[in-house]
Amino acid sequence: GEFIFVLEPEETERAPGEDQRVNPQPADPEASTKSESIIEKDYGFLIDRYEVTSDLFADFLNTQASRVQNIEDWVMVGPEASIERIEGRFVARGGLEDHPVTYVSWFGAVAFCEWQGAKLPTEGEWQQACQGMEGGLYPWGNSQPTGELANYSGMQDGYDGTAPVGSYPKGE
């Protein structure tokens, strides 16, 4: 499934006057990063605003593959997954580069977070982030989900399966 990681505030560098958003850099400076984190001062932790993309996770796999005995312990690779292996390199499946990575194991999520200098959110952190500051049923409040707010109910939102990361700004 999809995952989002958390950065500890004390481990995050911020530019003066920029305490609301930070952009974590991966452990490998050559790798691309498409994640944007936000800090919720009242929560005391940082969490990514968007899911990890298939493209970014493929970059991570390419930097780590030689160090891992069995990459399938981290992620499913192949025609049903969002990541495939072509000519010895991991790539996002065509058309899914900016979609959330799928079929990632807990072990793969932890390894990715460590690569990013982060950690997976705890259950409490995840719940706070999902409910927002007001503690609603959803990040946007208590109104029922629609295709404008979330990837919801099959093709109602225009996507069969996952949608590109950031496709639902009204649902944030």
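The shown structure was predicted, so the numbers you read here are calculated from the model rather than taken from an experiment. (Residues numbered from 1 in each chain as written. Predicted model: local features only at pLDDT ≥ 70, side-chain atom pairs only at ≥ 80, totals over all residues. Heavy atoms only, no water.)

Draft legend 1. Representation of the side chain of Ser82 within the structure. In this structure, Ser82 sits in the loop between helix H1 (54-64) and strand E5 (83-86). Only 3.1 Å separates the side chain of Ser82 from the side chain of Ser54, close enough to count as a polar contact. (Helix = DSSP H or I, 4+ residues; strand = E, 2+ residues; numbered from the N terminus. Polar contact = N/O pair within 3.5 Å; in protein donor to acceptor, adjacent residues only side chain to side chain.)

Draft legend 2. Here's a closer look at the pattern of salt bridges. Here the structure, examined in full by the defined rule, presents three salt bridges. We note a salt bridge from Arg49 to Glu172, for which the minimum N-O separation is 3.2 Å. You can see Arg49 sitting in the loop between strand E4 (45-48) and H1 and its partner Glu172 sitting in the segment after helix H3 (123-131), a full 123 residues away along the chain. Between Glu125 and Lys119 there is a salt bridge, with its nearest N and O atoms 2.9 Å apart. Classification of Glu125 by relative accessible area gives buried; the value is 13%. By relative accessible area, Lys119 is classed as partly exposed at 26%. (Salt bridge = Lys/Arg side-chain N within 4 Å of Asp/Glu carboxyl O. Buried < 20%, exposed > 50% of the residue type's maximum accessible area, 1.4 Å probe, protein only.)

Draft legend 3. Focus on the packing of aromatic side chains. Under the defined criterion, the tally for this structure stands at eight aromatic pairs. When the ring of Trp106 is compared with that of Phe107, the centres are 5.2 Å apart and the planes differ by 80 degrees; the resulting orientation is edge-to-face. Residue Trp106 is classed as exposed on the basis of its relative accessible area, which comes to 56%. Site record: aromatic cluster; members linked through ring pairs are Phe57, Phe60, Trp74, Phe112 and Trp115. (Phe/Tyr/Trp six-rings, centres within 6.5 Å; stacked < 30°, edge-to-face > 60°.)

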